Amino acid sequence: THLYGEGVAHRDDDIAPTPLDTQEEKDDVPLCSHLLARPHPVTGRIALYSPGGTSRGIVGMEDGAARELLNELAAHAVQPKYVYKHKWSVGEITVFDTSSTLHAASAIPPATGPKDTRFLYRISIKGKPGVCA
């Protein structure tokens, strides 16, 4: 299961999500369960889906053992051989498949004026079933 916010495998350099301040905000973000090993919605290829930053546990598994496995899976997924870091240039477009890619933002210094102000447009395609069940 996972929930918005820091999970059991949160790393020190992760950027924490914006906190949910009110009880109403917290009530609007349900706990979500999904398969740990799941088929890609198009190719059918099995992939591990264990978002380390938001995972809270594994259904049917004792909390300590679940935390240990989630930490192990997160450490495996972020080995340097699997990590791609992108350095943005003006006018670039990147595309990645969120069904089989972990992705995270990197902290950047705040803009000081027009020369370093950044605009970002995100497009998500609606289609195959979502992750949460």
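Residues numbered from 1 in each chain as written. Predicted model: local features only at pLDDT ≥ 70, side-chain atom pairs only at ≥ 80, totals over all residues. Heavy atoms only, no water.

Turning our attention to the overall build of the protein chain. Across its full length, the protein chain holds 2 helices and 2 strands. Every one of the 133 residues in the protein chain was classed for burial, and the buried ones make up 16%. If you take every contact in the protein chain between residues at least 6 apart in sequence, the share linking residues at least 24 apart comes to 62%. (Helix = DSSP H or I, 4+ residues; strand = E, 2+ residues; numbered from the N terminus. Buried < 20%, exposed > 50% of the residue type's maximum accessible area, 1.4 Å probe, protein only. Contact = heavy atoms within 4.5 Å.)

As a further point, take the confidence of the model for the protein chain. Looking at the protein chain, pLDDT values average 77 and 77% of them are 70 or higher. For the protein chain, the element scoring lowest by mean pLDDT is helix α1 (residues 23–27), at 79; helix α2 (residues 63–77) scores highest, at 87. (pLDDT = per-residue confidence, 0-100.)

Together, D21, E24, E25, D27 and D28 line one region of the surface with negative charge. By the secondary structure assignment, E25 is in helix α1. (Patch = residues over 30% accessible without salt bridge, like charges linked within 9 Å, V, L, I, M, F, W, Y side chains within 5 Å. Areas by Shrake-Rupley, 256 points an atom, 1.4 Å probe, with all protein chains shown as cover. Salt bridge = Lys/Arg side-chain N within 4 Å of Asp/Glu carboxyl O. Lys, Arg positive; Asp, Glu negative; His and termini not counted. Charge placed at Lys NZ, Arg CZ, Asp CG, Glu CD.)

Turning next to α2. In this model α2 runs 21 Å from its N-terminal to its C-terminal C-alpha over 15 residues, within 8% of the 21 Å that 1.5 Å per residue would give. Every buried residue belonging to α2 is among A66, L70, L73 and A74, and all of these are buried. Projected down its long axis, α2 shows its buried positions confined to an angular sector of 100 degrees, all on one face. Among the exposed residues of α2, those oriented more than 90 degrees off its buried face are E68 and E72. Taken together, the buried residues of α2 touch β2 (46–48). Capping the start of α2 is the job of one residue whose side-chain oxygen sits 3.0 Å from the backbone nitrogen of G64: E62. (Expected span 1.5 Å × (residues − 1). Arc of directions from axis to C-beta. Polar contact = N/O pair within 3.5 Å; in protein donor to acceptor, adjacent residues only side chain to side chain.)

Taken together, the side chains of V78, V83 and L102 present a nonpolar region at the surface, about 230 Å² in accessible area. Summarising the element assignment, V78 is placed in the segment after α2. Residue class for V78 comes out partly exposed when judged on its relative accessible area of 31%.

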